[in-house]
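Each chain, written out:
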Amino acid sequence: LRLIKIKGPIVFAEFKAVMLASLRSLIPKVWGVEHEVAWTWFWDNLERMLKIQLGQLKGQQRAVDRFIRNLSEESIPRLCRDVYRRFFEQAPTGQNYFKQSTTRLYFIASKVMEMCMEIYKRPRELMEEISALGLRHVGYGIPTELFMPFVEAWSQSIYAMNVDEKTAASIRWSLTLISKSLIRTIVEGSTLVMKAINTNSALKFHKAISVTSRKKREQELLRVTVGTQSISPLLWAIKNGSFHVARAMIADLLTIRADRDNYYYGCNALFERHPDIVQECCGVRGQQLLPILFDGMLWRSRLTIKKMRRVNFFVKHLIQNDDGTFNTYLPAVVKLNDPHLIGHPVVSFVFNLLWARLARYSFLRSRLRYLALVVLVVSSQSVLPRLNPREETEAQRIALFVCRAALYLFDFVPHLIYNIWQLVKDIRARSFVFLWGTVPVPTYLYDPSHAAQVVVTICMLLMLIQEPIFACLGNMNGDFAGAGLFTTHCPQAETRMDVYSVLSEITVLLHWFLITDLCIFSIRLCCYFLTCSRVLVELLHYSIAVLFLILAFSSAIGAYGPSLYDFDCIPEGALSLFKIVLGMYENQRFDAIREEPQIYTLLAIFTLISLIFLGSLLIAQIAGAFTKLYKDIENYAVLFRAGITVQTVRSARPKRWASFLASLKFQERIEFNEGDIGLTGGIQILEPATLNPTTDEIIRRYGGSTDADNPWPEDEFKNQGSLETRLKHLEKLVIRATKAMIKGKKGAGDSEGHSLSLSGSLMEQSSGSSGYSQSQ
């Protein structure tokens, strides 16, 4: 197939001479006349077969191409239906694997026809695609015995369409070639680990991996290669839903094993093969893959020295990519918004490390700059205009002009450019968040702080348009109080002051709101801030309910015939009811209402519902929300700080980031215990011995031979203690007890004693299994 693509003559005799010369040079001592005759005979036959095949392939390509192009839209479904009917007749077990809908099966059949044609046009590329397809079939667990009946069903269906012999033979030839390539790929790729993944059995996985040599154990779990294509058993287990095996694979990779010569730890191999393994595990967060992944990056010594314990965190690949940049996939942990996961020792250590040694100072500098802007906006909008109003000195007016000019230049313009750039970037990338499922909003605005920043920018733009100083530039020295350079009291400015004052109020408030994230410097203060923000939702619900009651009762009172001063119309009635809710309604005004019992009764019902019932309900909801948050509020605070840490680290200068990485010294090996030099890629700290007491040795140490080609000795204690093994044993006991009960009909006495003994052993095993399950 590849030779027919070559333009020009192919001289096989030249290749024969080169081949024989190469063989003679490879084995000059044993090469003789018999070898020469045998290899010459072999090549002559191969050359003859190649020449015959080369003369037929172009005709076969034209025949297949003509057949597929002449198929009508009505004949294609009929052909596909006939193919599957014949296939299921020849191989009934195939129905257990073709479980998809009819339209999906027709799609597969159309792909088969497309491959029959493409194998002639681009053989090299298609063979790589066939290898990848075969590796996927390994994961599906497809038996190789089904391929030839499938080819036979295609051949019979095509013959039934009354096509010529050449066309049918051409299609059969290409189908046979494709099926043999798939069979070869499946046979070579069907490792014991892949078979264990298909059954989703952790026990079978441990049995399969136990025979693998020490140096190849990691690659057996991370790469199965056939030809130029490879597949990751671990990733396949995650995507295929074999989570029992996936958890066992991750735990096996991140188990530290050691002999006298070397340590074996699969963390580097795992992240080199799958840099996005954290993100992949986040996609199936309910399967508890992330805790197992992070548990494998932590080592605690069972020994203590001066009431302190060594703890090693192997977090190199959580902090940096292979090229030395910040880990692209670590923010996925923050996006999960899981307070329990952020409280994991490894995750908490990584984010605290990034915050304390890199992000804290950068964030503080940015907040100090923004704090200076807050001082500037307060001075220009709240302080200077209130000093001697309409009697300002020229120095005060100049100071006001300078402050407002600096505010627009250093606050408004940079944020305007940045916000527009972020919004345009999201719109071009089609990055939207749909509010209420229908309203598209750019992802940038989904963050409350970013949305507030956009609102501030809009308000400052409107303030710039309504700026009184600019309105008075043409009439600074007119005949009015407060006239002078940069005055704000000219008649032209008076008409703008109401709008400008409202915009100024909103701007000042939002500037103060945008520096509330300074609370992350204290976890306790951050906890209080988050508690207030979470409980604020309950207050919003209460406000909506009260607003509904105000509108309903003000409308009802407005329908009453005689009018009262405070309830003359719906707006005035709503305002009066709002004052009652806030406790601002004067008691003297109730005297006039008592003369109207209908209105007085409605007001009594309104007060009972809004103040007593809804008020008590609000207190209960706030108490419940606080109780729910209290257990995890510190983790929520760490999660809030982790989000800010990620944003700050992403914007860090490359030089500062490189200096930070150099200070971590990931290239140096760290100790496990005194004098025991261990692995690279970690950071060691000392923690109080009573903080996390442990008596178990995490490292699996083995004696005997240190040859890397030998497998590890089987962990007998692991198999005996696994929950799956206990349940298997329990199942056998149940079966044995059932058989004994059936046989017991022959002798009541013997049966009773035997059943009691079996029941006793069954109960003991059940209690043991239950206790182990609870400990797990």
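Keep in mind it's a predicted model, so treat the numbers as computed, not measured.

Each value, and the rule that gives it
- Residues numbered from 1 in each chain as written.
- Predicted model: local features only at pLDDT ≥ 70, side-chain atom pairs only at ≥ 80, totals over all residues.
- Heavy atoms only, no water.
- Salt bridge = Lys/Arg side-chain N within 4 Å of Asp/Glu carboxyl O.
- Helix = DSSP H or I, 4+ residues; strand = E, 2+ residues; numbered from the N terminus.
- Buried < 20%, exposed > 50% of the residue type's maximum accessible area, 1.4 Å probe, protein only.
- Disulfide = S-S within 2.5 Å.
- 1 Å grid on protein atoms, 1.4 Å probe; cavity = no way out; pocket = protein on both sides within 12 Å on 5 of 7 lines; lining within 4 Å.
- Points joined across faces, edges and corners; volume = space filled by probe spheres on them.
- Nonpolar A, V, L, I, M, F, W, Y, C, P; charged D, E, K, R; others polar.
- Contact = heavy atoms within 4.5 Å.
- pLDDT = per-residue confidence, 0-100.
- Pairing = 2+ DSSP bridges.
- Axes fitted to C-alpha atoms, helices over the stretch in contact; angles between N-to-C directions.
- Parallel < 35°, antiparallel > 145°, perpendicular 65-115°, else oblique.
- Left-handed = near helix turned anticlockwise from the far one by under 90°.
- Phe/Tyr/Trp six-rings, centres within 6.5 Å; stacked < 30°, edge-to-face > 60°.
- Lys NZ or Arg CZ within 6 Å of the ring centre and 35° of its normal.

## Side note on the pattern of salt bridges
Taken as a whole and assessed by the stated rule, the structure comprises 23 salt bridges. Arg-86 is the partner of Asp-82 in a salt bridge, and the nearest nitrogen-oxygen pair spans 2.9 Å. Note that Asp-82 and Arg-86 are positioned in helix 3 (residues 75-90) at a spacing of 4 residues, about one turn of the helix. The two residues Asp-82 and Arg-86 agree in class, both being buried. Three or more residues are tied together by salt bridges with common partners; here these are Asp-82, Arg-85, Arg-86 and Glu-89.

## Here we look at the state of the cysteines
Under the counting rule described, the total for this entry stands at 1 disulfide. Here Cys-472 engages in a disulfide with Cys-490; their sulfurs sit 1.9 Å apart. Torsion about the S-S bond of the Cys-472 and Cys-490 cystine: about -85 degrees, corresponding to left-handed handedness. Here Cys-472, found in the loop between helix 22 (468-471) and helix 23 (491-494), pairs with Cys-490, found in the loop between helix 22 and helix 23; they are 18 residues apart in sequence, far enough to count as distant. Just as Cys-472 is buried, Cys-490 falls in that class too. This cysteine, Cys-282, is not joined by any disulfide, and Cys-281 carries the nearest cysteine sulfur, 7.2 Å off. Unpaired in terms of disulfides, Cys-532 finds its nearest cysteine sulfur in Cys-519, a separation of 10 Å.

## Let's talk about empty space enclosed by the protein
Over the atoms, a rolled probe matching the size of one water molecule traces out where space is still vacant. Within the structure shown, the criterion is met by 3 cavities of 30 Å³ or more. What lines the largest cavity is simply Arg-214, Arg-217, Glu-218, Asp-252, Leu-253, Thr-255, Arg-257, Tyr-264, Tyr-265, Gly-266 and Trp-712. Those elements giving two or more residues to the lining of the largest cavity turn out to be helix 10 (217-222) and helix 12 (243-253). Here the residues of the lining of the largest cavity sort into 4 nonpolar, 2 polar and 5 charged.

## A word on the environment of Leu-400
For Leu-400, the location among the structural elements is in helix 20 (residues 394-428). Accessibility expressed as a relative area gives 8% for Leu-400, which makes it buried. Taking the C-alpha atoms as reference, Leu-400 lies 8.2 Å from Ser-379; in sequence the two are 21 residues apart. Excluding residues within four positions of it along the chain, Leu-400 makes contact with Ser-380, Leu-384, Pro-385, Ile-469 and Thr-488.

## Details of the confidence of the model for the chain
A residue-level look at the chain finds 93% of positions with pLDDT of 70 or above and a mean pLDDT of 85. The least confident element of the chain is helix 33 (residues 748-775), whose mean pLDDT is 42; the most confident is helix 16 (residues 316-319), at 94. Between residues 749-776, whose pLDDT stays under 50, and residues either more than four places distant or in other chains, the model counts 25 contacts.

## Concerning the pairing of strand 6 (residues 308-313)
Within strand 6, 5 of the 6 residues are buried, which leaves the element mostly enclosed by the surrounding structure. Inspection of the sheet shows strand 5 (residues 298-305) paired to strand 6 by 5 bridges, in the antiparallel sense. The residue bridging Trp-299 from the neighbouring strand is Asn-312, located in strand 6. Between the end of strand 5 and the start of strand 6, which pair antiparallel, lie 2 residues, with Lys-306 showing a positive phi angle near 55 degrees. Two strands pair when backbone bridges link them, and strand 6 and strand 9 (residues 683-688) are joined in this way by 6 bridges, in the antiparallel orientation. Across the sheet, residue Arg-309 finds its bridge partner in strand 9, namely Glu-687.

## Structural notes on the side chain of Thr-531
With respect to the helices and strands, the residue Thr-531 is situated in helix 25 (residues 523-558). Not counting residues within four places of it along the chain, the set of residues in contact with Thr-531 comprises Phe-626 and Ile-633.

## Considerations on the packing of helix 5 (residues 123-140) against helix 7 (residues 165-189)
Relative orientation of the contacting elements helix 5 and helix 7 amounts to 50 degrees, with a least axis distance of 8 Å. On the basis of their axis angle, the class for helix 5 and helix 7 is oblique. The element helix 5 and its partner helix 7 pack so that their crossing is right-handed. Across the interface between the two elements, Met-127, Ile-130, Ser-131, Leu-133, Gly-134, Leu-135, His-137 and Val-138 from helix 5 touch Ile-178, Ser-181, Leu-182, Arg-184, Thr-185, Ile-186 and Gly-189 from helix 7. Across the contact of helix 5 with helix 7, the residue classes break down as 8 nonpolar, 6 polar and 1 charged.

## Concerning the sheet that holds strand 6
Strand order in the open sheet formed by 3 strands is 5-6-9, with antiparallel pairing between adjacent strands. Because the sheet does not close on itself, it has two edges, and the strands there are strand 5 and strand 9. Strand after strand, the sheet turns through a mean of 25 degrees between neighbouring axes, direction not considered.

## What about the packing of aromatic side chains?
Taken as a whole, this structure holds 31 aromatic pairs when the rule is applied. For the pair Phe-98 and Phe-150, a centre-to-centre distance of 6.1 Å together with 20 degrees between the ring planes defines the contact as stacked. Here the residue Phe-98 occupies a position in the loop between helix 3 and helix 4 (102-121), and Phe-150 occupies one in helix 6 (residues 147-159), the gap between them amounting to 52 residues. Ring geometry for Phe-314 and Phe-672: centres 6.2 Å apart, planes at 50 degrees, overall tilted. With Phe-314 in the loop between strand 6 and helix 16 and Phe-672 in the loop between helix 30 (654-664) and strand 9, this residue pair connects regions lying 358 residues apart in the sequence. When sorted by exposure, Phe-314 lands in the same class as Phe-672, which is buried. Among the aromatic residues, ring-to-ring pairing joins Tyr-84, Phe-87, Phe-88, Phe-98, Phe-150 and Trp-154 into one connected group. Across the ring face of Tyr-370, the terminal group of Arg-367 is positioned such that the distance to the ring centre comes to 5.2 Å. The side chain of Arg-534 reaches across the aromatic face of Tyr-636, ending 4.5 Å from its centre.

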